[in-house]
Amino acid sequence: MNVLVRSAGFLASVQDLGRTGLRQSGVSVGGALDPHALRVANALVGNADNAAGVEATLGTLRLQFEDERLVAWGGGAFTAQIGATDLPPGHAGLVTKDEELKLTAPNAGGRAWLAISGGIDVPLVLGSRSTDLKGNFGGYGGRALRDGDLLPLGTAGRLKERRFTNRRTHENGDLEIAAPWISEWSAPGIWASATKNGVLRIIRGNEWDRFTPEAQESFLSAAFSVTPDSDRMGARLEGPELDRVETGDLLSEAVAPGTVQVPPNGQPILLLGDCQTIGGYPKIAHVITVDLPMAAQLSPGDAVRFHEVSLAQAQDLLREREEDFARFRVGLTLHFS
């Protein structure tokens with residue numbers, strides 16, 4: 001079965017959790033810019049964590065389904081509707097044959113991640129179904145989605161019948177689910193809707209000491225503005241100039257999503273999921289993993305500040321989130337057969 005893209009919005013693409021183990025060959029991790037949001041949405045519809053979904057960026061995404069599917073989404077402050085019924089973030093909803101799902105442009109936060117039961121069944125390329133928009137491979141033809149595209153879907157798991165609150169049984173014993181159906185159970189609100197509080201927590205980078213004390217203080221106290229030339233590779237920031245103690249070239253080293261590099265103009269770049277695998281600009285900091293969802297929502301004109309935490313604190317926060325997600329996964333098994 002397939003889903004028809006009636007409207008692809010500003011930028012929509014097929015993404016999963018990305019390509020791992022290939023950075024030594026120059027292949028970016030890519031995937032959903034907020035992997036946690038996609039994992040949560042996949043859990044809500046009974047998919048494996050790494051099932052491919054749709055990342056929507058601004059605009060309005062409209063999808064029409066050929067068969068019955070569960071859908072769930074999370075991310076920025078989008079609004080979603082199945083037909084004329086609202087689908088809140090972090091809830092599962094039942095879409096019936098020929099019905100339409102619409103995700104509408106947000107007031108805050110520029111991206112959302114949509115999961116469909118069964119996942120989007122495009123071919124695996126280098127172990128992933130994600131679209132690499134720079135390399136033009138993976139996903140749906142290696143490109144962003146367009147109006148009229150027909151996305152193949154995998155086989156969906158089944159929701160336990162007793163979990164439907166609007167079921168009715170015919171005289172012949174057949175069960176019919178009256179649409180629309182929205183789950184009463186949901187993901188925690190902090191997972192379903194990304195907040196933009198303007199503060200990203202960081203740990204110091206390898207080249208922290210290459211910057212002047214004034215630059216270090218400015219980095220942790222000043223506000224930086226996201227510039228319009230930002231994309232899935234990184235958010236370019238504008239603010240006080242971050243001067244180095246010594247100028248000069250550095251050997252290229254590994255970088256990763258969350259790395260904050262500072263080019264010669266002194267204006268930092270926060271790397272995101274499609275970033276390069278190595279870079280020669282000094283690395284002043286790294287945004288911690290649990291704050292990457294907020295980084296993925298940055299839009300031109302947004303203000304962002306940085307707050308330092310220890311490596312141990314960053315690890316504890318990530319461990320706590322993973323433990324909570326594991327319990328969430330176990331709880332959802334009650335709803336699926």
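Just so you know, these numbers come straight off a predicted model, no measurement behind them.

Parameters at a glance
Residues numbered from 1 in each chain as written. Predicted model: local features only at pLDDT ≥ 70, side-chain atom pairs only at ≥ 80, totals over all residues. Heavy atoms only, no water. Helix = DSSP H or I, 4+ residues; strand = E, 2+ residues; numbered from the N terminus. Rg over C-alpha atoms; globule rule 2.2 N^0.38 Å. Buried < 20%, exposed > 50% of the residue type's maximum accessible area, 1.4 Å probe, protein only. Contact = heavy atoms within 4.5 Å. Areas by Shrake-Rupley, 256 points an atom, 1.4 Å probe, with all protein chains shown as cover. Lys, Arg positive; Asp, Glu negative; His and termini not counted. Charge placed at Lys NZ, Arg CZ, Asp CG, Glu CD. Polar contact = N/O pair within 3.5 Å; in protein donor to acceptor, adjacent residues only side chain to side chain. Domains from an automatic or database assignment. Buried area = accessible area lost by both parts, 1.4 Å probe. Salt bridge = Lys/Arg side-chain N within 4 Å of Asp/Glu carboxyl O. Expected span 1.5 Å × (residues − 1). Arc of directions from axis to C-beta. Pairing = 2+ DSSP bridges.

### Here we look at the overall build of the protein chain
On a plain count of helices and strands, the protein chain comes out with 5 helices and 23 strands. Taken over the C-alpha trace, the protein chain has a radius of gyration of 21 Å; the compact-globule value for 337 residues is 20 Å, and the two agree within 12%. Considered along the principal axes of its C-alpha atoms, the protein chain spans approximately 80 × 35 × 35 Å. Among the 337 residues that make up the protein chain, the fraction classed as buried is 49%. Taking as baseline every contact in the protein chain between residues at least 6 positions apart, the subset at least 24 positions apart corresponds to 75%. Of the roughly 15100 Å² of accessible surface on the protein chain, 50% is carried by carbon and sulfur atoms. Both charge centroids of the protein chain, one from 32 positive and one from 41 negative side chains, sit 4 Å from each other.

### A few points about the side chain of Asp67
Residue position: Asp67 is located in the loop between β4 (61-65) and β5 (69-75). On the basis of relative accessibility, which here comes to 18%, the residue Asp67 falls in the buried class. For Asp67, the side chain forms a polar contact with the side chain of Arg69, separated by 3.0 Å. The contact partners of Asp67, leaving out residues within four places of it in the chain, are Met1, Val95, Thr96 and Lys97.

### Quick look at the domain arrangement of the protein chain
The domains assigned to the protein chain are domain 1 (2-192) and domain 2 (199-317). Here the C-alpha centroids of domain 1 and domain 2 sit 31 Å apart. Between domain 1 and domain 2, the residue contacts involve 19 residues of the former and 17 residues of the latter. Summed over both sides, the interface between domain 1 and domain 2 buries roughly 1400 Å², with carbon and sulfur atoms accounting for 49% of that surface. Counting across the interface, domain 1 meets domain 2 through 1 salt bridge. As a salt-bridge pair, Arg232 and Glu55 come within 2.6 Å of each other at their nearest N and O atoms. Linking domain 1 with domain 2 are 10 residue pairs in polar contact (both at pLDDT 80 or more).

### Topic: helix α5 (residues 311-332)
At 3.6 residues per turn, the α-helix brings residues three or four places apart onto the same side. If you check α5, its first and last C-alpha atoms are 32 Å apart, about what 22 residues at 1.5 Å a residue would give, namely 32 Å. All buried positions along α5 are accounted for by Ala314, Arg321, Phe325, Phe328 and Leu332. With its buried residues spanning 55° around the axis, α5 presents them on a single face. Of the exposed residues in α5, those oriented more than 90 degrees away from the buried face are Arg327 and Val330. Buried residues along α5 sit in contact with α1 (35-44), β14 (181-186), α2 (189-192), β15 (199-204) and α4 (292-296).

### Description of the sheet that holds β4
Within the open sheet, the 6 strands sit side by side as β7-β6-β9-β4-β1-β11. Their pairing is antiparallel. With partners counted over all chains shown, the strands left at the sheet margins are β7 (85-86) and β11 (150-152), one partner each. Note: β4 against strand β9 (residues 100-104), 4 bridges, orientation antiparallel. Within β9, the position partnered with Leu63 by the bridge is Leu101.

### Focus on the pairing of strand β3 (residues 53-57)
The element β3 is largely enclosed, with a buried count of 5 among its 5 residues. Note that strand β2 (residues 11-15) and β3 share 5 bridges and pair antiparallel. Residue Gln15 lies in a different strand from β3, and its bridge partner there is Gly53. Pairing geometry for β3 and strand β10 (residues 111-116), over 4 bridges, is antiparallel. Among the inter-strand pairings, Glu55 is bridged to a residue of β10, identified as Trp113.

### Some remarks on unusual backbone geometry
Positive phi values are uncommon outside glycine, yet Leu126 reaches one of about 55°. Tracing the sequence through the fold places Leu126 in the loop between β10 and β11. Overall, the relative accessible area of 48% leaves Leu126 in the partly exposed class. In the Ramachandran plot, Asn136 falls in the positive-phi region, its phi being about 60° despite a non-glycine side chain. The topology assignment puts Asn136 in the loop between β10 and β11. The exposure class of Asn136 is exposed, given its relative accessible area of 52%.

### A look at the pattern of salt bridges
Throughout the structure, instances matching the rule amount to 19 salt bridges. The shortest N-O distance in the salt bridge between Arg329 and Asp49 comes to 2.6 Å. Here Asp49 lies in the loop between α1 and β3 and Arg329 lies in helix α5, a separation of 280 residues in the sequence. Judged by relative accessible area, which is 23%, Arg329 ranks as partly exposed. A relative accessible area of 23% places Asp49 in the partly exposed class. For Glu322, the salt bridge identified is with Arg321, shortest N-O distance 3.8 Å. One network of salt bridges, in which partners are shared, links Arg39, Asp49, Arg321, Glu322 and Arg329.

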